[in-house]
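# Tertiary structure, described
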Protein chains: 2
Amino acid sequence: MVGSGRRVGIADVAALAGVSVGTVSKALNGRGAMRDETRARVRAAADELGFAPSAVARSLLSGRTFTVGVITTDSYGRFSIPVMRGAEDALGVGEMAAFLCDSRDDPIREQHYVRTLLARRVDGIIVAGRRTEPRTPIGHDLPVPVVYAFARSADPDDCSVVSDEAEGTRSAVEHLLKTGRRRIAHVTGPQSHASAALRASSAVEALEEAGTPLVGDVWFGGWSEAWGRYAVRAMLKAHPDVDAVFCGSDTVARGVTDALREEGRSVPHDVAVVGVDNWSLVAEACRPPLTSVDLNLEAVGRRAGELLLAAIDGRPSPGVHSLPCRLVVRDSSAPPN
Amino acid sequence: MVGSGRRVGIADVAALAGVSVGTVSKALNGRGAMRDETRARVRAAADELGFAPSAVARSLLSGRTFTVGVITTDSYGRFSIPVMRGAEDALGVGEMAAFLCDSRDDPIREQHYVRTLLARRVDGIIVAGRRTEPRTPIGHDLPVPVVYAFARSADPDDCSVVSDEAEGTRSAVEHLLKTGRRRIAHVTGPQSHASAALRASSAVEALEEAGTPLVGDVWFGGWSEAWGRYAVRAMLKAHPDVDAVFCGSDTVARGVTDALREEGRSVPHDVAVVGVDNWSLVAEACRPPLTSVDLNLEAVGRRAGELLLAAIDGRPSPGVHSLPCRLVVRDSSAPPN
DNA sequence: CTGAAAGCGCTAACAC
DNA sequence: GTGTTAGCGCTTTCAG
């Protein structure tokens, strides 16, 4: 990239090409009719000067900025990142640029960003969250469309895109049943966490329906490896015949796997382990590598971007859009034979 | 946040307040002299309509957008994220909004983003990278200032902000020596990786100077836990009397720690372990928690933001700006006694 | 103390 | 085919 170090305007191009500014505009935008020679001369002049039309001036006229705001609540953490990446993919197609705003879970900060974004005349806003609890909407009756990604809005009329965690949980349970497991336990995060509660109830339900109820109670605790290790040691005392542990997250699953090995149980021969998140960093470092439910966060972000583009285009899709998860099978759940 | 659902302009406010647009502008911006009553009336009208002046129109006039571009090469990975967070902190002070561009290590994509950002008339650009190898600059003689963060520019006249990895390495080695270790080994990533090579040579040098040369050769390999486990097992055979392992990253260190424990060596009683990155996720999950060199990425980003603001303000600071690291001591390097 | 008018860089009508 | 002009929403002179 070579720049002149100075801003060059359409007037400079016009002067160099020996035509008027109107002609330059038409020539470069392929509009109106004109001699090929003229168009070529203008193009050459623009290239020579490295002219790039000001998006600012253009926006003022068109009323569109081709810019969206992305508000994330969790400092680009492990959930927002893939969501943002997917959103960026979709928005790129519409030639949109994204303002990134990290609200750091502070409502004051968030409102500040909303105001800033509206003042900058963004065409739309994506709100990406870390928790799956329905969240307070960023505003009512805003002048631009808003799409919530991963963390749905508490207002069901808002447009939200989420992972279908219940479906993901069922697919994990069915996988364990299909590979011959019958004594399945569940270790997960805090009961107060919506995702932990939902995954637990979905797992219990799926197992009931299959006629092989959960072994013992749900082990609610924290999202750490330490909790996974602690819980599985206690569980082995109460239910030594367990043959599979479904975990609410990959970190918990890693703790569970480590403790099982240290207690002399072979994974997957004696006990299968399945996690949730498919956080490759954790799942692949596990010994053996961990089977896990992928929440398809990138797809959630992409969908959010697509729905936002459509809404900007006058085709809104209110309501909750639920996307399926994807079970990624690795060695930790291979059949026991 | 409540919006009208419709865009309201300065003319609407003027009509409601019964004054001219010029007066509204002055009233809201606190410029010029006018009766208090008039100013209050205008303010009330603006509030009632929820008026927010268009940053677009304002930019067209002022020639400034109060917007910067942040180009990241690694999909908001674990290095870019803290850098971006720090940059955002600094830029927020200047009321700057940031366009986020993920080049995904693709030069074509990167050039596309540079053009887009310039067309949008950003006031400056920050380039954040993942690798510490000097990188090809994004352009020469661009019309706006550019600051490189973490990954320095190959052009020494460009402004770059980096972590002082050599200093960080020395602080880790000195810490081990101070706590009584004398037989120190080094396990790290691929030799072809600039960070691995630099950290290794700095460690070797620091140990030479202290009169306690490195035990054996540097163990170059990969950045994985598996490599850490493999290397330490081989090392224990060759040098069973090693009493500390300095690792090129936290993941390697975690593998090293796990294998030491499994081989019956107590950490830190028999062998101390120190990593680099202070990636809390890994360092805190380690058994015992890992002492690690923090690269202060957030500070690097913050500094980059500050330098960019200064450059935009006409006070550029060309050259490489090196920031110190910070040793975070945890249990894995407690004295042996 | 307030209003009218010019102009930021560009596009889209309409003249010529 | 090409040039001229008005105007996007705002700030800033300069009159009144």
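Residues numbered from 1 in each chain as written. Chains lettered and ligands numbered in written order. Predicted model: local features only at pLDDT ≥ 70, side-chain atom pairs only at ≥ 80, totals over all residues. Heavy atoms only, no water.

## Topic: the relation of the copies chain A and chain B
- When chain A is brought onto chain B, the operation consists of a screw motion whose angular component is 180 degrees and whose axial shift is 0.0 Å, with 0.1 Å RMSD remaining. The superposition of one copy onto the other is thereby described by a two-fold rotation axis. Scanning chain A for the C-alpha nearest the rotation axis identifies F99 of chain A, at a separation of 2.3 Å.
- Comparing interface residues between copies, 100% of those in chain A also lie at the interface in chain B; the contact surface is shared. (Least-squares fit on C-alpha atoms with pLDDT ≥ 70 in both. Contact = heavy atoms within 4.5 Å.)

## A word on the protein's contact with DNA strand D
- Residues in contact with DNA strand D amount to 23 residues; listed here are only the nearest, T23, R35 and T38 of chain A together with I10 and L61 of chain B.
- Near-protein atoms of DNA strand D (within 4 Å) split between backbone and bases, with sugar and phosphate holding 67%.
- One of the backbone N or O atoms of A57 of chain B is found 3.4 Å from a base nitrogen in DNA strand D.
- Here a phosphate oxygen of DNA strand D and a side-chain polar atom of R58 of chain B are 2.9 Å apart.
- Those elements that provide at least two residues to the surface near DNA strand D are α2 (21-29) and α4 (55-62) of chain A together with α2 (21-29) and α4 (55-62) of chain B. (Near = heavy atom within 4 Å. Polar contact = N/O pair within 3.5 Å; in protein donor to acceptor, adjacent residues only side chain to side chain. Helix = DSSP H or I, 4+ residues; strand = E, 2+ residues; numbered from the N terminus.)

## Some remarks on the sheet that holds strand β7 (residues 219-220) of chain A
Residues and elements named next belong to chain A.
- Taken in spatial order, the 6 strands make up an open sheet running β7-β6-β8-β9-β10-β12, and their pairing is mixed. With one partner strand each, in any of the chains shown, β7 and β12 (326-328) form the two edges of the open sheet.
- Two strands pair when backbone bridges link them, and strand β10 (residues 291-294) and β12 are joined in this way by 3 bridges, in the antiparallel orientation. Among the inter-strand pairings, S292 is bridged to a residue of β12, identified as V328.
- With respect to the sheet, helix α10 (residues 250-262) is in contact with β6 (184-188), β8 (244-247), β9 (272-276) and β10, its orientation differing from that of β9 by roughly 160 degrees. (Pairing = 2+ DSSP bridges. Axes fitted to C-alpha atoms, helices over the stretch in contact; angles between N-to-C directions.)

## What to know about the interface of chain A and chain B
- Across the boundary between the two partners, chain A contributes 63 residues, which contact 63 residues of chain B.
- Between chain A and chain B, roughly 5,200 Å² of surface is buried when both sides are summed, and carbon and sulfur atoms account for 50% of that area.
- Taken together, chain A and chain B are joined by 15 salt bridges.
- Close ionic contact of D258 of chain A with R287 of chain B constitutes a salt bridge, the shortest N to O distance being 3.9 Å.
- Our count for the chain A to chain B interface comes out at 26 residue pairs in polar contact (both at pLDDT 80 or more).
- Where the side of chain A that touches chain B is concerned, the elements lending two or more residues are α4, α5 (80-93), β2 (97-102), α6 (107-119), α9 (225-238), α10 and α11 (280-285) of chain A. (Buried area = accessible area lost by both parts, 1.4 Å probe. Salt bridge = Lys/Arg side-chain N within 4 Å of Asp/Glu carboxyl O.)

## Things to note about the protein's contact with DNA strand C
- Around DNA strand C sit 22 residues, and of these I10, S25 and L61 of chain A together with T23 and T38 of chain B come closest.
- In the model, a phosphate oxygen of DNA strand C is placed 3.0 Å from a nitrogen or oxygen of the S20 of chain B main chain.
- Contact between DNA strand C and T23 of chain B: a phosphate oxygen at 2.8 Å from a side-chain N or O atom of the residue.
- Counting only elements with at least two residues in the surface near DNA strand C, the list comes to α2 and α4 of chain A together with α2 and α4 of chain B.
- Looking at the surface near DNA strand C, its residues break down into 10 nonpolar, 8 polar and 4 charged. (Nonpolar A, V, L, I, M, F, W, Y, C, P; charged D, E, K, R; others polar.)

## Details of the nonpolar core
- Grouped together as the largest cluster of nonpolar side chains are 82 residues, with contacts concentrated most on V68 and I126 of chain A together with V68 and I126 of chain B.
- The next biggest cluster of nonpolar side chains, apart from the first, holds 32 residues, and it includes F99 of chain A together with I125, V144 and V146 of chain B. (Core = buried A, V, L, I, M, F, W, Y, C linked by side-chain atoms within 4.5 Å. Buried < 20%, exposed > 50% of the residue type's maximum accessible area, 1.4 Å probe, protein only.)

## Some remarks on the UniProt feature "domain: HTH lacI-type" (unreviewed entry) in chain A
- Using the residue numbers shown here, the UniProt feature "domain: HTH lacI-type" (unreviewed entry) corresponds to residues 8-62 of chain A.
- Counting secondary structure, residues 8-62 of chain A comes out at 71% helix and 0% strand; the distance between its end C-alpha atoms is 21 Å. (UniProt positions renumbered as here; feature names shortened; annotations may be inferred.)

## Notes on the pattern of salt bridges
- In the structure shown here, the tally under the stated rule is 57 salt bridges over all chains.
- Across the salt bridge formed by E37 of chain A and R41 of chain A, the nearest N and O atoms sit 3.2 Å from each other. Residue E37 of chain A and its partner R41 of chain A are located together in helix α3 (residues 36-49), separated by 4 residues, close to a single helical turn.
- E37 of chain A sits in the partly exposed class, given a relative accessible area of 43%.
- A relative accessible area of 32% means that R41 of chain A is categorised as partly exposed.
- A salt bridge links D89 of chain A to R104 of chain B; the nearest nitrogen and oxygen atoms lie 2.9 Å apart. In this pair, D89 of chain A sits in helix α5 while R104 of chain B sits in the loop between β2 (97-102) and α6 (107-119), so the two residues belong to two different chains.

## A closer look at the sheet that holds strand β6 (residues 184-188) of chain B
Residues and elements named next belong to chain B.
- If you walk across this open sheet you meet the 6 strands as β7-β6-β8-β9-β10-β12, and the pairing is mixed. The open sheet terminates on both sides in strands that have one partner only, identified here as β7 (219-220) and β12 (326-328).
- Relative to strand β9 (residues 272-276), strand β8 (residues 244-247) is paired through 3 bridges, and the arrangement is parallel. Pairing of V245 across the sheet is with V273, part of β9.
- Strands β6, β8, β9 and β10 (291-294) of the sheet are contacted by helix α10 (residues 250-262), whose axis makes an angle of about 160 degrees with β9.

## Here's the deal with the pairing of β6 of chain A
Residue and element names in this part refer to chain A.
- Across the 5 residues of β6, 5 count as buried, placing the element largely inside the fold.
- Where burial is concerned, the two faces of β6 agree: the one with I184, H186 and T188 and the one with A185 and V187 are both buried.
- Note that β6 and β8 share 4 bridges and pair parallel. The residue of β8 that forms the bridge with V187 is C247.
- Where β6 meets β7, 2 bridges bridge the pair, whose relative direction is parallel.

## Side note on unusual backbone geometry
Residue and element names in this part refer to chain A.
- In this structure, P268 follows V267 across a cis peptide bond, with omega equal to 10 degrees.
- Among the structural elements, P268 can be located in the loop between α10 and β9.
- With an omega dihedral of -5 degrees, the bond running from R287 to P288 counts as a cis peptide bond.
- With respect to the element layout, P288 can be found in the loop between α11 and β10.
- Phi is positive for F150, which is not a glycine, with a value near 75 degrees.
- Structurally, F150 is set in the loop between β4 (146-149) and β5 (159-163).
- On the basis of relative accessible area, F150 is assigned to the buried category, the value being 4%.

## Here we look at helix α8 (residues 194-210) of chain B
All names here are of chain B.
- With 17 residues, α8 ought to run about 24 Å at 1.5 Å a step, and its terminal C-alpha atoms sit 24 Å apart, in line with that.
- Buried within α8 are the following residues: S195, A196, R199, A200, S202, A203, A206 and L207. Buried residues of α8, viewed axially, fall in a sector of 165 degrees; they line one side. (Expected span 1.5 Å × (residues − 1). Arc of directions from axis to C-beta.)

## A closer look at empty space enclosed by the protein
- Under the criterion given, the structure shown has 4 cavities of 30 Å³ or more.
- By volume, the largest cavity amounts to about 220 Å³.
- Contributing to the lining of the largest cavity are 14 residues, with V56 and R120 of chain A together with V56, F99 and R120 of chain B lying nearest its centre.
- At the level of secondary structure, the elements contributing two or more residues to the lining of the largest cavity comprise α4 of chain A together with α4 of chain B.
- Considering only residue class, the lining of the largest cavity consists of 6 nonpolar, 6 polar and 2 charged. (1 Å grid on protein atoms, 1.4 Å probe; cavity = no way out; pocket = protein on both sides within 12 Å on 5 of 7 lines; lining within 4 Å. Points joined across faces, edges and corners; volume = space filled by probe spheres on them.)

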